[in-house]
Amino acid sequence: MNNKVVANRASRLSREKKPEIELSFEFFPPKTEVSEARFWASLEKLVPLNPRFVSVTYGAGGSTRERTLRMVSRITHETGISAAAHLTCVGASRGEVDDVVRGFYDAGVRRIVAIRGDPEEGVGAKFVPHPDGYANATQLVEGIRGIADFDISVAAYPERHPESKDWTAEIDNLKRKYDAGAARAITQMFFDNRDYWDLLERAEKAGINMPIVPGIQPIHNFSRISMFAKNCGAKVPQWMAERFEGLENDASTHALVAASLAGEQVTELMDGGVKRFHFFTMNDAAQALTLARVLGQRS
Ligand code: FAD
């Protein structure tokens, strides 16, 4: 029997035991009543999986401030699941950001995903901090820690942040966020697991001893996700684009291909020892539920 067959059998055997897996799910704040109904329906399906937390993003320049607060507050009080509010510091003074942090605390929220945010002119433009504002995520983490004892997550980038000039700058930045008090990093989407393994190795060498949780993006809609990926500097491999070619009007095959590719990605990560996963749900439970099953998790 060759090594590959032995390795495959070993990983299948290891999957027979229910693994100790920790899940978190990311949502965005809905804009309309219809999309809000969908948000709650999706969340309701994911709650029985007992996620570590559910996070709600923060729109560029604070555009979703009230909605993010309303959603995390309701999740905290109505579902029994821990909610994490994303927070950015784009276009706001320190005082304004600090008020938002206090608002989260008063609403019972104890977790924040602390993110610098993209320039108001869009990705690719030069980031100019507010004259009285936090200039980057490290300063934001420090500011939050000065207000209350939050559990803070930060962002990490398996393919480097587009503004980092090299890997040294990238890892130095992650280290600053870790030293400032981040409890974990959540990665940007990636589709080649080698990029994630390389990031773990670099972080370990730099003494960054916090979990770096893979951010998993199932392909809900190939053209939309490709556009998001392009905007945040994540590669969509050509072989992957080919799997979705011609499926624009075939939603059920598209969904099955998406589930199979993301299933392959998370299985490989789990077999490599990963125990925590963060799913970008796009407010739709179906792919996240499928992947939880693939990871041996069910309600
Ligand atoms: P930072 O960690 O501050 O880094 C930004 C860049 O500046 C990096 O290139 C870094 O190397 C450089 N840098 C920082 N500090 C220094 C320094 N002292 N010296 C030199 N260089 C420095 N966006 C939203 O608008 N809302 C969200 O809710 C949101 N959620 C996200 C969640 C996750 C898990 C991820 C991965 C991203 C999210 N984003 C969100 C996108 C994010 O806003 C962008 O990726 C943004 O461009 C960078 O944010 P950051 O927190 O990584 O910034």
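Above this note sits the structure.
Basis of the calculations
- Residues numbered from 1 in each chain as written.
- Predicted model: local features only at pLDDT ≥ 70, side-chain atom pairs only at ≥ 80, totals over all residues.
- Heavy atoms only, no water.
- Buried < 20%, exposed > 50% of the residue type's maximum accessible area, 1.4 Å probe, protein only.
- Helix = DSSP H or I, 4+ residues; strand = E, 2+ residues; numbered from the N terminus.
- Pairing = 2+ DSSP bridges.
- Right-handed = clockwise from strand over helix to strand, strands pointing away.
- Core = buried A, V, L, I, M, F, W, Y, C linked by side-chain atoms within 4.5 Å.
- Contact = heavy atoms within 4.5 Å.
- Axes fitted to C-alpha atoms, helices over the stretch in contact; angles between N-to-C directions.
- Parallel < 35°, antiparallel > 145°, perpendicular 65-115°, else oblique.
- Nonpolar A, V, L, I, M, F, W, Y, C, P; charged D, E, K, R; others polar.

Colleague: Mind laying out the pairing of strand β1 (residues 22–27), listing which residues take part and the relevant values?
Modeller: Across the 6 residues of β1, 5 count as buried, placing the element largely inside the fold. With 4 bridges connecting them, β1 and strand β2 (residues 53–56) associate as parallel partners. From the neighbouring strand, E26 faces β2, where its bridge partner is S55. Chirality of the crossover, the property in question, places the unit of β1, helix α2 (residues 33–46) and β2 among those that are right-handed.

Colleague: An account of the nonpolar core is needed here, citing residue identities and associated values.
Modeller: In this structure, L87, F104, I144, F277 and F279 are the most contacted members of the largest nonpolar core, which totals 63 residues. Among residues more than four places away in sequence, those in contact with L87 are Y58, V97, V100, V101, F104, I112, V113, A114, I115, L140 and I144. Counting 17 residues, the second-largest nonpolar core is a separate cluster that includes I225, A229, C232 and L247.

Colleague: Provide a residue-level description of the sheet that holds strand β8 (residues 215–216), including the pertinent values.
Modeller: Each strand in a sheet pairs with its neighbour through backbone hydrogen bonds, running either in the same direction (parallel) or in the opposite one (antiparallel). The 9 strands lie next to each other as β7-β6-β5-β4-β3-β2-β1-β9-β8, forming an open sheet whose pairing is parallel. The open sheet is flanked by β7 (212–213) and β8, the only strands paired with a single partner. Here strand β5 (residues 151–156) pairs with strand β6 (residues 184–187) via 4 bridges, running parallel. Each bridged residue has a counterpart across the sheet, and for A155 the counterpart in β6 is I186. Lying on the sheet, α2 is in contact with β1 and β2; it crosses β1 at an angle near 180°. Lying over the sheet, helix α4 (residues 94–106) contacts β3 (83–87) and β4 (111–114), oriented at roughly 170° with respect to β3.

Colleague: So, the packing of helix α5 (residues 137–145) against helix α6 (residues 167–180): which residues are in play, and what are the values?
Modeller: Axis separation between α5 and α6 bottoms out at 9 Å; the angle between their running directions is 5°. Of the possible angle classes, the one that applies to α5 and α6 is roughly parallel. Where α5 abuts α6, its residues A137, T138, V141, E142 and R145 lie against N173, R176, K177 and A180. Tallied by class, the residues present in the contact of α5 with α6 amount to 3 nonpolar, 2 polar and 4 charged.

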